[in-house]
Amino acid sequence: MSNIVPKRGVTVKKMLFITVCIFVMALSVINVNAEQIYYNDEYHYYDAGIIGLGVNGDEVDNLPMYPVIINDYTMVPVREVFEAMGSKVIWHDDTCQVEIVRDGVSVLVKIGDRNTYVNGQIVPIDTTQPLPMLIGKAPAELKSMVPVRFVAEKLGYNVNWDGDTRTVLISD
């Protein structure tokens, strides 16, 4: 057994107190509400909190992947959200594209690509917005996610943000 002899005037209680203070200060820098989400082939800390989703006045919950905010833009899972709004959603596995169709309007987005197609015409996503991407809590749980306002407005929906409740509101 080694004999640790503290310097004169420093007691074991003081050393323990200092150690606990350092530990508590270190924890205060870490956001305990942050969680990890997976996109762009790596995990990212996500601490923007829970984002609600309302479609035509009804809350949409039980989503396999909740909406997330990336670079100040809300990303939503394509199939669950747009099917809840009455759109048809088709996944093209061979090209990693998702097509959303509503009332004769077709929006085709490719994962990782800024160019989208609205009724066959190229409509680029603004460079400030995140690209359509696969996002999940783990690599095996990835969902196709798109900037909700960009896609929904192309399909003729109205999109609003309620900052008080942190909810995206989509309506016809």
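Predicted model only: the values in this text are computed from it and were never measured.

Asks: Where do I start with the confidence of the model for the protein in this structure?
Replies: Close reading of the predicted structure is inappropriate where its pLDDT is low. Confidence in the prediction for the protein averages 85 pLDDT; 80% of positions are at 70 or higher. Helix α1 (residues 12–29) is the least confidently modelled element of the protein, averaging 52 in pLDDT, while strand β10 (residues 115–118) averages 98, the highest of any element.

Asks: Would you take a moment to explain the sheet that holds strand β7 (residues 88–92) for this structure?
Replies: By definition, the strands of a sheet pair up through backbone hydrogen bonds, in either a parallel or an antiparallel sense. The strand order across the open sheet built from five strands is β7-β8-β9-β10-β11, with neighbouring strands paired in antiparallel fashion. With partners counted over all chains shown, the strands left at the sheet margins are β7 and β11 (121–124), one partner each. Looking at each pair of strands side by side, their axes are set apart by 25° on average, direction ignored. As paired strands, β7 and strand β8 (residues 97–102) are joined by five bridges and run antiparallel to one another. When the bridges of β8 are listed, Val89 appears paired with Ile100.

Rules used in this analysis
Residues numbered from 1 in each chain as written. Predicted model: local features only at pLDDT ≥ 70, side-chain atom pairs only at ≥ 80, totals over all residues. Heavy atoms only, no water. pLDDT = per-residue confidence, 0-100. Helix = DSSP H or I, 4+ residues; strand = E, 2+ residues; numbered from the N terminus. Pairing = 2+ DSSP bridges. Axes fitted to C-alpha atoms, helices over the stretch in contact; angles between N-to-C directions.

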